[in-house]
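This is what each chain is made of:
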Amino acid sequence: MNQPPSSLHVAPMEKRTEVTIELEEIVLVTSGFARSGTAWCVGCANEVLMVTPAQAAVIARVSVRDINRRVEAGEVHFLETTEGSLLVCMSLL
Ligand SMILES: [Zn+2]
């Protein structure tokens, strides 16, 4: 005779954490830009993930203007691509 499984009652759905949602947003945003990726960072002396100021703003939860201010103040590592666009080092965000 088969015993019914003891776990018949369904566990309540766990609420998805905000962190998960934020991560998905970041992935969504970062996947929309082809320019970001790993690059050599002089400040880190390492190959790190470089993102556009717009992406950095999302990740650091500040405005793009604030990211640009940090770049100008030398608070974050950055590099200029050959096309003249700015990429920001993720290490200090
Ligand atoms: Zn760096």
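Because the structure is a prediction, the values reported are computed rather than measured.

Chemist: Just to check I follow, could you spell out the overall build of the chain for this structure?
Modeler: For the chain, the count of helices and strands is three helices and four strands. Ordering the α and β elements of the chain from the N terminus gives α-β-β-α-α-β-β. Put simply, the chain has 93 residues, and 18% of those count as buried. Long-range pairs, those at least 24 residues apart, make up 42% of the contacts in the chain between residues at least 6 apart in sequence.

Chemist: Looking at this model, I keep getting lost on the nonpolar core. Mind explaining?
Modeler: Considering soluble globular proteins, one finds that nonpolar side chains tend to be buried as a cluster. Membership of the largest hydrophobic core comes to 13 residues, with the highest contact counts inside it found for Met50, Val51, Ala56, Phe78, Leu87, Val88 and Cys89. Taken together, the elements giving at least two residues each to this core come down to strand 2 (46–51), helix 2 (53–60) and strand 4 (86–89). Among all residues touching Ala56, those that are not within four sequence positions of it are Val51, Ile67, Val88 and Leu93.

Chemist: Help me out: how do you make sense of the sheet that holds strand 3 (residues 78–80) in this one?
Modeler: Hydrogen bonds along the backbone pair up the strands of a sheet, which may run parallel or antiparallel. Overall, antiparallel pairing links the four strands, which are arranged 1-2-4-3 in an open sheet. Looking at the sheet topology across the chains shown, the edges are occupied by strand 1 (37–41) and strand 3. Averaged over all pairs of adjacent strands, the angle between their axes in this sheet comes to 45°, without regard to strand direction. The pairing of strand 3 with strand 4 spans three bridges and is antiparallel. What sits directly across from Leu79, in strand 4, is Leu87.

Chemist: Looking at this structure, I do not really get the confidence of the model for the chain. What am I missing?
Modeler: Detailed reading of predicted coordinates is not advised where the pLDDT is low. Chain-level pLDDT for the chain is 77 on average; 61% of the residues reach the 70-or-more range. The spread of mean pLDDT over the elements of the chain runs between helix 1 (residues 18–31), the lowest at 56, and helix 3 (residues 64–73), the highest at 94.

Chemist: Can you help me understand the pairing of strand 2 in this one?
Modeler: Regular strands place side chains that alternate from one sheet face to the opposite one. Alignment of strand 1 against strand 2, held across five bridges, turns out to be antiparallel. Bridged to Cys41 within strand 2 is Asn46. What sits between strand 1 and strand 2 in their antiparallel hairpin is a turn of four residues, with Ala45 showing a positive phi close to 50°. Examined bridge by bridge, strand 2 and strand 4 share two bridges and lie antiparallel to one another. Paired with Val51 across the bridge in strand 4 is Val88.

Analysis parameters
Residues numbered from 1 in each chain as written. Predicted model: local features only at pLDDT ≥ 70, side-chain atom pairs only at ≥ 80, totals over all residues. Helix = DSSP H or I, 4+ residues; strand = E, 2+ residues; numbered from the N terminus. Buried ≥ 20, exposed ≤ 12 C-beta atoms within 10 Å, placed from the backbone. Contact = placed C-beta atoms within 7 Å. Core = buried A, V, L, I, M, F, W, Y, C linked by C-beta atoms within 7 Å. Pairing = 2+ DSSP bridges. Axes fitted to C-alpha atoms, helices over the stretch in contact; angles between N-to-C directions. pLDDT = per-residue confidence, 0-100.

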